[in-house]
Structures are given as structure tokens and as C-alpha cells.
Amino acid sequence: MRHTKTWAAGWTPTPKSGSTTRGKIHLTGVKAIEEPPSLVDLRKHTTAMLPRVDLPEVILEVMSWEPQLVEAFTAASGGRSRLEDLPTSIAACLAAHSMNVGYRPIAKTGVPALERSRLSHVFQNYFRPETLSLANAPLVAWQAGLPLAQAWGGGMVAAVDGMRFVVPVPAAFARPNRKFFGSKRGMTWLNAINDQGIGRGAKIVSGTVRDSLHMVDVIFGLDGGELPEIVVSDTGSYSDLTFGLLELLNISYRPALADLPDQKGWRIDPGADYGPLNTFARGRIDLRKVQRMWPDILRVIASIYTGTVRAYDVVTMLQREGHPTALGEAIATYGRIFLSLHILAYIDVDETYRRDIKHIRNLQEGRHALARKICHGKKGELYHRYERGLENQLGVLGLVLNCVVLWTTVYLDAAVRQLKAQGNPVRDEDMARLSPFVNTQLGVHGAYTFILPDLAPGAIRALRDPDALDADDEEI
């Protein structure tokens, strides 16, 4: 929805959405939508019905559902694996590296699939970005087909955001930033999820470089599925150039705007009267810059779309010493058209546009919170000296997060169906507000076992009775 009519006719702020002061726009905060008793009750019951499991069990169970997950892990030599019980070794490696605990609490002497030397061999020879990406794709497709996931969204909206990790050892890839890393150094895991809560792709970024330099690469390196129609990010990923590139790639870009009063609108017609927004719309768009460079712009976009060049290389090529080249300025000029439309939609009296952005941003924060719970070993700090090691470990974390989200979605979906079958009224709008990141049932501490219960093919564990809580259950 472009809101072009609003822009053309001029927009008069109302107290509900915001006001203008000396050409600057000020918005009131979006009020939280109250949770009806029916939602509170549904959330309480479905969460209580989830079986209590440890992370290794979740990984093994998802592997039993989706054979392609294991099949994605091929040996670096290209030969066929002769290792017996390879799935158990893969699950153990996934657990050890995602939890950041190493092999000591995972390895079991006398169990061939869990011997320390076996786990080290499997990780070195079967785990790499390509195999992790192939393993993610079937999980994305599986979750998308579940009715509950479809109630959460259509899967065509993506959010991209960075998660910061401290790297306390000398590493060429780590950079200082006192705000995020204190006196140490660190890096950023720039990752994308869709509106169904499942991870679609990620990229390792040195230090805390502006996400806008890498965001397009994340979108065009997604694990399986179609390209999203809409991309949401925080203000740190925003730039006029990013707007231009994504819109030219037929993706609607909708960043959150934390510094709204300082934003400048852009106009094509210098004589147009936009009423209270005249001062805001003080930027001038010269379409001749775009017209002159249009053939070169199309070549750049085609190169990104086909994967001939990385978007990061294009972005750096279009700038010299912090200033855009003529081609970069032409793409940024094109982007300012859609930036202005985005701001106008953002401040519209109808808050749906802004709420949708906030919703998926909150969804990603929920995923990052789950990631922190899982990656708890060594205080959540990473000890790899080289980029490849960071890529593999965080690639494992992303895959395990997707295993947990898929597992949770399957069981929440079963819980909802059981409640409906028992005659309990379940409203669609309440289903849409359940979270794929609920994790009170998930254990990540203690002894780790890699034994599945005896389940029939295609069967899942029995759901718990929500009214028969164990004495040691966490408060929900």
C-alpha cells in the first residue's frame, strides 16, 4: 500500500497520530492492544500442554520428521558417508555448538556416535554454510504448511536485524564498540525471519558496521522459499540507497523510524502545496539524475538479482569516501521517492501500517531472546578467531532455532486442535497472537541425552493435561 493519494492531496496531522512543529513531525506512541481474557486463557492452556523436553530431544524429533535435514549434511570430500548412526552425531554437534557448551557435557565414552573424536570429525567434515542452508530449507517449507503458522502470517514479510556477540579472543573479524561489547570486541549476526517466526537467512558482519551495507545480501541469500514482498528493519539498516535498491528489486522496504523528527520529505514538484507538511517536504527530487543513469541502474539491479555480484560490493562501489557516485546518487534519488511515501504511511491516522512494522520487530526480538537462552555457555561469548568458525557456529544456532520454532509450532497447532475438538471456543484472532518462541517447556541445562521416545511414524508426543501441572513447573 503506497499511500500515494495521501501524499498528492496533502495530509493534515491529527492529535491521534502526531503533529508538526517547525516542519518536524512528532508522533505519539502506539498504544498496546489489550489482551482479551480469551487470549490469556488460550495462551495459558496451550503453553501448559506442551511436553517438557530438553533441546537434544527437540533436534532429534525434528530430524525424525524431516529426513532432508540429515540428508543435507554431506561430507566435504563429496563421498558417501559410511558412519553409522550419523543423525545422532549431527544432533550432538548441533546441540553442543548452539548451546556454546563444547563437547564435554555432550560426549559419551563408549557410545560410538557420541565419542568426542567422532563429534569433532563430523563437525569438521559435514558442517559448513552450504549444508546448514540446505538443512534449513525443508524446515521453512514444513512450518509454512501448518494452519497455526498460516494464522501468524503469509510468510512474505521479512524482518532483518542484528544480534551482537562479544568475541573475547584476538580475532581479525571482531571490532570494538563500547556500547555493545564494553572493553572487548565483537561482531554482529545479521539475520532475517519471516512473519511466521522462522529464520530465513543470516550473515556475519564485522563489528557493528551499518546493517544497510549488508541487508540486501541477507535478503538475496535466504534459505529456501520465495523472496519476501516486504522487508522491515530498524533505523540502523536504513539509507536512501537501500530504499532505492530494494524498491528496484521489487521489494517494499519499511524500516522503523526512531528519529522521525529529523526526517526530511522529498518532493518532485517544487510548487506543490502540502499544507502543514510544506517545511517537512523541503527536499527536491531531480528525476533527470535517474533518467540519465537508468540503463546503468538496470544493469546494477540485474547483477544483484542474478547473483552476479554481492549487494555489499555494489553499495561500496557506489560510494567514495562517504559520498555517493553519480550512479549511487541516482539510485538514492529514486529511493527518496519511496522513503517519502513510507514516512507518510508511517504517520497516517490509520496506525495499522506502523503496528505491522512494530509487530514483526517484536517477533524478531522474541527470536533473539530465545537465541540467548539457547546460546548460554561461556556467558554467550564466542571464541572463534576466524570468520569461518563464526559462520559455522552461528549457522548452527540459526538451524537449531528453526528446529525449536518448528517443534513449538507443531505442538501448539496440535494443542489448538485438541482444544477445539473438546468444544473449547478458539478465536482466530487469538490464535494469531500465540508465539512460536514460547520456551518454558525447553530445557537447555543439565545432562544431555540423545534418545527419542518410542513413537510411531508420523506421531508426536502426548500433550500434557494443562490442569495437572507438576510441582516443579515454571510459573507460566
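Residues numbered from 1 in each chain as written. Predicted model: local features only at pLDDT ≥ 70, side-chain atom pairs only at ≥ 80, totals over all residues. Heavy atoms only, no water.

This part is about the packing of helix α5 (residues 86–99) against helix α16 (residues 387–421). Packing of α5 against α16 leaves a shortest axis separation of 8 Å and a crossing angle of 110°. Our classification of the angle between α5 and α16 gives roughly perpendicular. Seen from α5, the contacting residues are C93, L94, H97 and S98; seen from α16, they are Q393, V396, L397, L399 and V400. Of the residues assigned to the contact of α5 with α16, the class counts are six nonpolar, three polar and no charged. (Axes fitted to C-alpha atoms, helices over the stretch in contact; angles between N-to-C directions. Helix = DSSP H or I, 4+ residues; strand = E, 2+ residues; numbered from the N terminus. Parallel < 35°, antiparallel > 145°, perpendicular 65-115°, else oblique. Contact = heavy atoms within 4.5 Å. Nonpolar A, V, L, I, M, F, W, Y, C, P; charged D, E, K, R; others polar.)

With that settled, the discussion passes to the packing of helix α14 (residues 326–346) against helix α15 (residues 352–374). Put simply, α14 and α15 touch, their axes get as near as 7 Å, and they point 100° apart. The angle between α14 and α15 places the two elements in the roughly perpendicular class. Residues H342, A345 and Y346 of α14 form the contact with α15, whose participating residues are Y353, R354 and I357. Considered class by class, the residues forming the contact of α14 with α15 number four nonpolar, one polar and one charged.

The subject of this paragraph is unusual backbone geometry. Positive phi outside glycine occurs at N100, with the angle close to 65°. Here N100 lies in the loop between α5 and α6 (116–126). Positive phi outside glycine occurs at K378, with the angle close to 55°. With respect to the element layout, K378 can be found in the loop between α15 and α16.

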